[in-house]
Amino acid sequence: QVQLVESGGGLVQAGGSLRLSCAASGDIFAINVMAWYRQAPGKQRELVALLSNGDVTTVTDSVKGRFTISRGNAKNMMYLQMNSLKPEDTAVYYCSADHLGVRYWGQGTQVSVSS
């Protein structure tokens, strides 16, 4: 099993930056995919960026050039650097990890961007 804990969310003005962290624990060496998702009020959860076996893929066009996903030197850490934030980036951000066919989720961290 895997446990995930996100941190780093908060309130920021438009144009500002935040860095989200995800700490994984448990059987982390069997994780093959880690990703960031977000869910805005009244909307479905959407994939923001994904790391698969060391490759980096930013999925959502709206964040290309602004968000960067990375893995820490410690294999259990993943980050999402968010620059040039916009009000439409406001959402709860979730970390996920795929482990032996099961997707695990963190509790989420709120990101709020004021105009």
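Counting restarts for each chain: residues are numbered from 1 in the order of the written sequence. The predicted nature of this model means local features are confined to residues of pLDDT at least 70 and side-chain atom pairs, given and counted, to a pLDDT of 80 or more, with totals for whole chains, interfaces and linings taken over all residues. For side-chain calculations, the full set of non-hydrogen atoms in the structure is used, while hydrogens and water are omitted.

Draft legend 1. Up close: the overall build of the protein. Regarding its fold elements, the protein presents 0 helices and 11 strands. Listed by position from the N terminus, the elements making up the protein come as β-β-β-β-β-β-β-β-β-β-β. Seen through its principal axes, the protein has C-alpha atoms that stretch 40 × 25 × 20 Å. Each residue is assigned to one of three classes by its accessible area relative to the maximum for its type, calculated with a 1.4 Å probe on protein chains only: buried under 20%, partly exposed between the two thresholds, exposed over 50%. Relative to its full complement of 115 residues, the protein shows a buried share of 43%. In the protein, the share of contacts with a sequence separation of at least 24, taken over all contacts with a separation of at least 6, comes to 53%. One finds the centroid of the 10 positive side-chain charges in the protein at a distance of 3 Å from the centroid of its 8 negative side-chain charges. Strands here mean DSSP runs of E at least two residues long; helices mean DSSP runs of H or I at least four residues long; both are numbered from the N terminus. We call two residues in contact when some of their heavy atoms are within 4.5 Å. Here Asp and Glu are counted as negative and Lys and Arg as positive; His is not counted, and neither are the chain ends. Where a charge sits is defined by one atom per residue type, namely NZ (Lys), CZ (Arg), CG (Asp) or CD (Glu).

Draft legend 2. Expanded view of the sheet that holds strand β8 (residues 77-82). Sheet architecture is open: 4 strands sit in the order β1-β3-β8-β7, paired in antiparallel fashion. Pairing within the sheet leaves two strands with one partner each, and these edge strands are β1 (2-7) and β7 (67-71). Taking each pair of neighbouring strands and ignoring which way they run, the sheet shows an average axis angle of 15°. Of the strand pairs in this sheet, β1 and strand β3 (residues 18-26) are connected by 6 bridges, and their pairing is antiparallel. From the neighbouring strand, Leu4 faces β3, where its bridge partner is Ala24. Strands are treated as partners if at least two bridges between them are detected by DSSP. Note on geometry: axes are C-alpha line fits, over the in-contact stretch for helices, and angles between N-to-C directions span 0 to 180 degrees.

Draft legend 3. Molecular detail of the state of the cysteines. Sulfur atoms of two cysteines make up a disulfide when they are within 2.5 Å. Using the criterion set out here, one finds 1 disulfide in the structure. Residue Cys22 pairs covalently with Cys95 via a disulfide, S to S 1.9 Å. The sign of the S-S torsion, about -65°, decides the handedness of the disulfide formed by Cys22 and Cys95: left-handed. Taken as a pair, Cys22 in strand β3 and Cys95 in strand β9 (residues 91-99) lie far apart in primary sequence, 73 residues in all.

Draft legend 4. Layout of the side chain of Thr60. Its location among the elements puts Thr60 in the loop between β6 (55-58) and β7. Judged by relative accessible area, which is 10%, Thr60 ranks as buried. Engagement of the side chain of Thr60 in a polar contact is seen with the backbone oxygen of Leu47, the distance being 2.4 Å. Not counting the four nearest positions on each side in its chain, Thr60 is found in contact with Arg38, Glu46, Leu47 and Val48. Polar contact criterion, stated in full: a pair of N or O atoms within 3.5 Å, where within protein one must be able to donate a hydrogen and the other to accept it, and residues adjacent in sequence count only if both atoms are side-chain atoms.

Worth remembering: the numbers are spatial, not functional.
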